[in-house]
Amino acid sequence: MIEAADIQITKVETSKLKDLELNNVPFGKYFTDHMLEADFENGEWKNVEIKPYQPLLFQPSLAVFHYGQAIFEGIKAYRGKNNKVAIFRPFDNYRRFNLSALRMNMPEIPEEIFIQGIKQLVKLDEKWVPDGKDHALYIRPFMISTDPVLGVKPSSTYKFLIILSPSGPYYSRPMKIAVEEKYTRAAPGGVGYSKNAGNYGGSMLAATKAKEEGYDQVLWTDPFEHKWLQEVGMMNVFFIIDGKAITPSLDQGTILAGITRDSVIDLLQEMNIPVEERHINIDEIIQAHDKGTLQEVFGTGTAATIALVSDLKYRDINMHFDINNLKIAPSLKKQLIEIKEGRSEDKFGWMEYV
Ligand SMILES: *Cc1c(COP(=O)(O)O)cnc(C)c1O
């Protein structure tokens, strides 16, 4: 078994940090001084190492380039009160990472490497955690298949890596979204519930076409009727109808079980807002809009936390939401940020101090 102490650390000689203004960086563009790397060979994880952030050298035959066994996670660390750094719900990401690994026929990673690896790496690069409001250090653990052979089979070797990127707020303006009726993100029996790279690759064309039409993202629907609502872009989606919160249920394996989604459900329940996890049809949304009971639509995810929606288009119907009159989404956003930045009590035990 690998213990935390078994992580070998090689530090940089001089930090790159001084050149950067931490509270004014675009999402995912700059990386900290160090990264973590581990290898899976002969059925076990070994060579767990924290070292200077650097390029990787691979054969062109590397399995992941051809057959796409690649999974990842997105986690954030915040600088809170008293300058203490805490990570938001990393154990939930750890469990989800291994679910993704199982679906993609990849080896599971031990908790010691994932959690201790993140904590040691964040601790080492602690000065990179921004202190601006809604700013965070984005943590990206990922795993790729590394056999240098073209035979189609699950790879026998893998690499696990963690990189860190200081980041500011992700989407600043409210989104205009369009219901997608041609392309499909995920189907029952597929890989929609795993956080694998291919789900992102497969979604880009729909997002690009939506942008050409003036929309920021698509609202994904089911693969058969294109009526049952799934997710918004790469975020989970919530609808507020007549004082109730409704979000698609996870039962068909087509929806990524977001940790922000789960946190929002807890917060809504605490606010005494009823939450329904069930199938939702676009016709129900249109009817609610016609009756005047469709109050809010928003997306949830680690990068954006809560993404407000100003416009929702379905065929020739446009539903507009007055952002200044939204109540629930902005309140959730505020509550989440206050818990993450240590300005309100961590009632649910979400924060893990490094
Ligand atoms: C990562 C992701 C989400 C959001 O999950 P969080 O844990 O809240 O960040 C939602 N949908 C998809 C498709 C995702 O990949």
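### Here's the deal with helix H5 (residues 204-212)
Then, number 1: Of all the positions in H5, only Ala-206, Ala-207 and Ala-210 are classed as buried. All buried residues of H5 fall inside an arc of 100° around its axis, so they share one side. Exposed residues on H5 whose side chains face more than 90 degrees from its buried face are Met-204 and Glu-212.
Then, number 2: The inward-facing, buried residues of H5 abut strand E10 (217-221).
Then, number 3: Backbone geometry just downstream of H5 places Gly-214 in the positive-phi region, at approximately 95°.

### Focus on the pairing of E10
Then, number 1: The buried count for E10 comes to five of five residues, which makes it a mostly enclosed element.
Then, number 2: Here three bridges tie strand E9 (residues 175-179) to E10, and the two strands are oriented parallel to one another. Bridge pairing in E10 links Ile-177 to Gln-217.
Then, number 3: Two elements, E10 and strand E11 (residues 229-232), share two bridges in a ladder whose sense is antiparallel. Following the sheet pairing, Thr-221 is matched in E11 by Leu-229.

### Regarding the pairing of strand E14 (residues 275-278)
Then, number 1: When strand E13 (residues 244-248) meets E14, the two strands line up parallel, connected through four bridges. Looking at E14, one finds that Thr-247 is bridged to Glu-277.
Then, number 2: Chirality of the crossover, the property in question, places the unit of E13, helix H6 (residues 259-270) and E14 among those that are right-handed.

### Overview of the domain arrangement of the chain
Then, number 1: If you check the domain split of the chain, you get domain 1 (4-169) and domain 2 (175-339).
Then, number 2: The straight-line distance from the C-alpha centre of domain 1 to that of domain 2 is 28 Å.
Then, number 3: A buried area of about 1700 Å², summed over both sides, lies between domain 1 and domain 2, and 60% of it is on carbon and sulfur atoms.
Then, number 4: Together, Phe-72, Arg-96 and Arg-103 form the three largest contributors to the area buried by domain 1 at its contact with domain 2, with a combined 36%.
Then, number 5: Across the contact surface, domain 1 and domain 2 share one salt bridge.
Then, number 6: We note a salt bridge from Asp-262 to Arg-89, for which the minimum N-O separation is 2.9 Å.

### Quick notes on unusual backbone geometry
Then, number 1: At Asp-134, a position not held by glycine, the phi torsion is positive, near 65°.
Then, number 2: Counting through the fold element by element, Asp-134 comes out in the loop between helix H3 (111-124) and strand E7 (136-145).
Then, number 3: Take Asp-134: its relative accessible area is 13%, and that puts it in the buried class.
Then, number 4: Positive phi values are uncommon outside glycine, yet His-226 reaches one of about 55°.
Then, number 5: Summarising the element assignment, His-226 is placed in the loop between E10 and E11.
Then, number 6: What makes His-226 buried here is its relative accessible area of 12%.

### Side note on the side chain of Thr-293
Then, number 1: Relative to the helices and strands, Thr-293 resides in the loop between helix H7 (282-291) and strand E15 (294-301).
Then, number 2: Judged by its relative accessible area of 18%, Thr-293 falls in the buried class.

What counts and how
Residues numbered from 1 in each chain as written. Predicted model: local features only at pLDDT ≥ 70, side-chain atom pairs only at ≥ 80, totals over all residues. Heavy atoms only, no water. Buried < 20%, exposed > 50% of the residue type's maximum accessible area, 1.4 Å probe, protein only. Helix = DSSP H or I, 4+ residues; strand = E, 2+ residues; numbered from the N terminus. Arc of directions from axis to C-beta. Contact = heavy atoms within 4.5 Å. Pairing = 2+ DSSP bridges. Right-handed = clockwise from strand over helix to strand, strands pointing away. Domains from an automatic or database assignment. Buried area = accessible area lost by both parts, 1.4 Å probe. Salt bridge = Lys/Arg side-chain N within 4 Å of Asp/Glu carboxyl O.

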